[in-house]
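# Examination of the molecular architecture
The chain contents come next:
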Amino acid sequence: MSRVLAQADFERRIDEQVLGLLSRSSLSFHAMLGALPSVYPTNVIESLARLAATGLADRSRTEELRAQIGRRDDALRSTRTLLPLPHPVEFEWRFCPDTSQHLLELANEMAPAKTPIVLFGTPGVAVEALHLPIARRLTFIGENNSVTQRLRALNNAAEQSLTLQFCTMAYPQMGAGAVIVDPPWYMDFVKPMLAIAAHTVCVGGFVFVSLPPEGVRSSAIDDQAKLIRRAGRLGLRLHSVQPLALHYETPFFEQNALAAAGIGCSQRWRRGDLLVFEKISVAAPDSNLFVARKREWCEFVIGRMRLFVRREGQSTCPTALSSLVEGDILPTVSRCDRRRRQAAVVTSGNRIFASSNPELVVEAALSLCKTDFSSRSRQPLWGNTSEAAEVERIADELTRLSEREAAEERATLPLSPIAGGQAWKYDSINSSRERREILSGATT
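Below is a summary of the structure that appears in this document. Please read all numbers here as calculations on a predicted model, not as lab measurements.

Take unusual backbone geometry next. One non-glycine residue, Lys114, lies in the positive phi region at around 65°. Note on placement: Lys114 falls in the loop between helix 5 (97-110) and strand 1 (117-120). Here Lys114 falls in the exposed class, since its relative accessible area comes to 84%.

Pasting the structure below:
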């Protein structure tokens, strides 16, 4: 099927699902999002317009729903995470706490006795594991970034024995009884991460993987079928499929993106399909095990804001920090948006900027992050007084951005502590030094 026909079929299926929900007069726009199979809000809005234009749906009902689009879901209550914020460059969405707990309990129940559990690309699950009585060895595999570094500090403060491993060029065969893996929902991420999970799990063990359901994109159903066949070549057999079983939090960067598009945030609307595979045989190592993903971004932490700077590439913009979109917040989270590809600077609030001189942005970020790394003896990156003045100007702008994003994030937080009293359990480790920690892709 051609891409055009596949997209038309995808829209037809969304229209059928939306039309079926329109008959429920008490259903709000946000409730409709939660009832659909992870259909992106803009796709639902387009469906309502199509149904009204073709006369298939009552126009007054669709207008009633469209009037609710900009309102924030009253049920939405973001929680202050113990981890640094997810960042759009890393395509990170985190499970809701109850979903993380369910996965851990399921893995603990199904894994063969005395085997370890591996958490691959799931920092939110790792945080929940610190609070659960799991009598198994636990290993977390993740990027060398501020999230993993904070997880290390939480693990030390909780006096837990969670083993942390950075993503490397080759992975040991750990003999895990279960691997929980949550790849970004792009096949160039899913394939290698599934290969690593298959390599890590023992025969008789299980791999739990989240995949996009049918409402995410036109190729979702075919992608799942292809992945199941690929899993077979990795020695994995499909054990079960639990559609829409996994609930995700709406990250801060997506809340900002939706707001920039005029859409109010909804609670738990994004869901994933849970596929469980059993390892039945040892397959030849997949070539993906030995290909390290190039890290082209440097990361800096300024207050709560995570700043990613891409030092390579050319730009025709006139300044070191230049707007790409009105208001600076990109109104989409898709990596396919061409404006994202033009960005050299991206914040954890989904703000994007071009840069004529990313090195000056790096220097400005370093000046705001007082750590052992930034205090080492080194030559400054500027070459004259005008560049020094520009670094100071950029640093002031980055400070304002950090303060603005902190205010935006506070506006999404509940007035009361997180349920269970865990909100600030490890606040003492969130020291000034660690808050201003710099990570640039290598251990410092």
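Turning to helix 5, a few remarks are in order. With 14 residues, helix 5 should reach 20 Å at 1.5 Å per residue; the first-to-last C-alpha distance of 20 Å fits that figure. Of the residues making up helix 5, those classed as buried are Thr99, Ser100, Leu103, Leu104, Leu106, Ala107 and Met110. End-on view of helix 5: buried residues confined to an arc of 165°, all on one side of the axis. In the core, the buried residues of helix 5 are packed alongside strand 1, helix 6 (123-129), strand 4 (176-181), strand 5 (201-211), strand 6 (236-247) and strand 7 (271-279).

Further remarks concern helix 4 (residues 59-66). Those residues of helix 4 not exposed but buried are Arg61, Thr62 and Leu65. Buried residues along helix 4 cover an arc of 95° about the axis, so they all sit on one side. Among the structural elements, helix 1 (3-22), helix 2 (29-35) and helix 3 (41-53) are those in contact with the buried residues of helix 4.

Take Gln17: it is sitting in helix 1. Accessibility expressed as a relative area gives 25% for Gln17, which makes it partly exposed. As a C-alpha pair, Gln17 and Pro37 span 20 residues in sequence and 9.1 Å in three-dimensional space.

What follows is about the environment of Ala365. Mapped onto the fold, Ala365 is located in helix 12 (residues 358-368). Those residues within four positions of Ala365 in sequence are excluded, and the remaining contacts are Phe300, Ile302, Leu307 and Leu398.

Calculation rules
- Residues numbered from 1 in each chain as written.
- Predicted model: local features only at pLDDT ≥ 70, side-chain atom pairs only at ≥ 80, totals over all residues.
- Heavy atoms only, no water.
- Helix = DSSP H or I, 4+ residues; strand = E, 2+ residues; numbered from the N terminus.
- Buried < 20%, exposed > 50% of the residue type's maximum accessible area, 1.4 Å probe, protein only.
- Expected span 1.5 Å × (residues − 1).
- Arc of directions from axis to C-beta.
- Contact = heavy atoms within 4.5 Å.

These values are about where atoms sit, not about what they do.
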